[in-house]
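Residue-level listing of the chains:
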Amino acid sequence: MSAYFIGIDVGTQGARAIVVDERGVNVASSSRQFVLDERFREEQSPDVWWRCCKDILGDIFANLPRDIHKKDLVAMSITSTSGTVIPLDRDNIPLHHAIMYSDGRSVVQGRRCKELAERRVQNGYTGFNASSGISKMLWYIETYPQKVHQIARWIHASDFIVGKLSGRYDVTDYTNVLKSGYDLQHMEWPSYIIDEIGLKRDWLQEVVPSGTVVGKLTEELASQWGVPCMEIVIGMTDGCASQMASGAVRPGDWNTTIGTTLVIKGVTRSEIIDPLGRLYSHRHPEGYWMPGGASNTGGDWISLDYDKENLDELNTRASGLIPTGQLAWPLRQEGERYPIMASQARGFAPKGLDRYTLYAANMEGVACIERLAYEIITELSGEEIHAVYTAGGGSKSDVWLRIRASLLNVPVYRCNEASGALGAAIMAASNTWYSSLTEAAQHMTSVEKMVVPEKDLVNKYEKQYSEFKDRLRELGYL
């Protein structure tokens, strides 16, 4: 008997849904771009999201492969952006467009929320800013005081689609509430966000572990699509969903995504408290913690410095040049935020290097930043890094994987797929078909390539990495 699970990813500019079987094999998918105006980074209509999702699901259900029976559709879940919030009235109708995570109008409120949290929260998340949900809630009630009496509930982006599918708007998950002020240590909405920030307790949702079944597909939608009233599983944030899809779900597992920037997420047994605020921790549905951080260093230097060049040739040439013994850091913007916090930081590279050696040295520099990030995680958590799963454009370079595995001195696994939609589908299966997220991920994720440390490179990179850190210290960055 086969079982099928649906994952929906509602992004900033469009939505995608996939259907996978119990092994994570993609059997159907569909996507749509949103029709947006010039203010889409500040506000978007949740109704546009829903119409788009309905069209996508309708398309998928109408065109399922003939060997897939609709009766075997088991569950559905949703992922979307972190920090995006929506005020609803008593009929669960939006009072305002969704206030997007990228909306910077709540910078003053973010500063106030952060100051209050730092006074009231001990050993918990206090890193609120303009991208935080709680800051946007405060901005709304101060900007539209005439609408405050109409607010019945604040929800997050994925919660809206969950509500449309199941009729449940009153519940959300661990990952969505971190930036809305929820205390993930004590599992409660803290009193200061009501007494001092001014939110009302009635506005705040029930919080449950990611992967919790919150209802069934409404009979109206099931009848319209000709599908069973499958289970609807609470959604989660997009970054966490991508981590699930990478397979990094057990303590000691970590995921590095190298795209424009470098993003690290993993699983620890205890919460990481970073006094400098470089890292913050989501709560794992099985009680662990999922710390993460984002660097300004990444792969943007490739498109900026090697645009239109043959990457296969660059990688082939680089493979014969490592280790270069050169110290380079391809930071292409002013300042760094993780693993070091230095607003004055600038990238560096030796003068006079040919383009191929510089290309290889830059890959080594990013790997040095990645290792420094993991060293800080180990120091703060006291836990070892056992494996690194990787995704993003940077993971496609085999020579870069060799560099990283040897610099990190742990196996690096390149994922077949680490999309938010697959992460949502894994969550849909985690407590419906499987007994846990860990079990679901073990069965539904796959590794395309494993790269192990090379002893000769490990030894040579130890010296180069030590010199790299010395350079950061000399420049006052570390």
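Everything here concerns the structure above.
Residues numbered from 1 in each chain as written. Predicted model: local features only at pLDDT ≥ 70, side-chain atom pairs only at ≥ 80, totals over all residues. Heavy atoms only, no water.

Trainee: Could you give an account of the overall build of the protein, with specific residues and numbers?
Mentor: When helices and strands are counted, the protein shows 15 helices and 19 strands. Taking 23 Å as the expected radius of gyration for a compact globule of 478 residues, we find that the protein reaches 23 Å, a close match to that expectation. Overall size of the protein, expressed as C-alpha extent along the three principal axes, is 65 × 55 × 40 Å. Burial status across the protein gives 58% buried among its 478 residues. In the protein, the proportion of contacts linking residues at least 24 apart, taken out of those at least 6 apart, comes to 71%. (Helix = DSSP H or I, 4+ residues; strand = E, 2+ residues; numbered from the N terminus. Rg over C-alpha atoms; globule rule 2.2 N^0.38 Å. Buried < 20%, exposed > 50% of the residue type's maximum accessible area, 1.4 Å probe, protein only. Contact = heavy atoms within 4.5 Å.)

Trainee: I'd like a rundown of the nonpolar core, residues and numbers included.
Mentor: One recurring pattern in soluble globular proteins: nonpolar side chains tend to sit buried together. One finds W329 and I377 to be the most contacted residues of the largest nonpolar core, which totals 50 residues. With 12 residues, helix α11 (residues 355-381) is the largest single contributor of residues to this core. In terms of nonpolar packing, the next biggest core, distinct from the first, is built from 45 residues, C53, I60, L88 and F160 among them. (Core = buried A, V, L, I, M, F, W, Y, C linked by side-chain atoms within 4.5 Å.)

Trainee: Tell me what's going on with the pattern of salt bridges, and back it up with residues and numbers.
Mentor: Under the criterion given, the structure shown has 27 salt bridges. As a salt-bridge pair, E417 and R16 come within 3.6 Å of each other at their nearest N and O atoms. Pair noted here: E417 is in the loop between β18 (412-415) and α13 (420-430) and R16 is in strand β2 (residues 14-21), with a separation of 401 residues, a long-range link. Classification of R16 by relative accessible area gives partly exposed; the value is 29%. Here R39 makes a salt bridge to E42, at a shortest N to O gap of 3.3 Å. (Salt bridge = Lys/Arg side-chain N within 4 Å of Asp/Glu carboxyl O.)

Trainee: Describe the environment of P209, naming the residues involved and giving the relevant values.
Mentor: Among the secondary structure elements, P209 is positioned in the loop between β10 (206-208) and β11 (213-216). Between the alpha carbons of P209 and A294 there is a distance of 24 Å; along the sequence they are 85 residues apart. Excluding residues that lie within four positions of it along the chain, P209 makes contacts with D173, Y174, I234 and P285.

Trainee: Can you break down the pairing of strand β1 (residues 4-10) residue by residue, with the values?
Mentor: For a regular strand, side chains alternate in direction, first toward one face of the sheet and then toward the other. For β1, the tally of buried residues reaches six of seven residues, placing the bulk of the element in the interior. Relative to strand β5 (residues 73-80), β1 runs parallel, the two being bridged by seven bridges. When the sheet's bridge partners are listed, V10 is paired in β5 with S80. Where β1 meets β2, seven bridges bridge the pair, whose relative direction is antiparallel. The residue bridging D9 from the neighbouring strand is R16, located in β2. Counting the residues between successive antiparallel strands, the hairpin from β1 to β2 contains three residues. (Pairing = 2+ DSSP bridges.)

Trainee: Kindly report on the state of the cysteines, identifying the contributing residues and their values.
Mentor: A covalent bond bridging the sulfur atoms of two cysteines is what the word disulfide describes. For the structure on display, the rule yields zero disulfides. With no disulfide of its own, C229 has C53 as its nearest cysteine by sulfur position, at a separation of 19 Å. Residue C240 stays outside any disulfide, its sulfur separated by 15 Å from that of C415, the closest cysteine. Judged by relative accessible area, which is 1%, C240 ranks as buried. (Disulfide = S-S within 2.5 Å.)

Trainee: How would you sum up the packing of aromatic side chains? Please name residues and give values.
Mentor: Within this structure, the stated rule accounts for 18 aromatic pairs. Relative to W433, the ring of F5 has its centre 6.5 Å away and its plane inclined at 65°; by these criteria the two rings are edge-to-face. Remark: W433 occurs in the loop between α13 and α14 (437-444) and F5 occurs in strand β1; sequence separation between them is 428 residues. On the accessibility criterion, F5 (0% relative accessible area) is buried. Residue classification places W433 among the partly exposed residues on the basis of a relative accessible area of 35%. With a centroid separation of 6.1 Å and an interplanar angle of 80°, the aromatic rings of W301 and Y306 are classed as edge-to-face. The class for W301 is buried, based on a relative accessible area of 0%. (Phe/Tyr/Trp six-rings, centres within 6.5 Å; stacked < 30°, edge-to-face > 60°.)

Function cannot be inferred from these measures alone, as they are strictly geometric.
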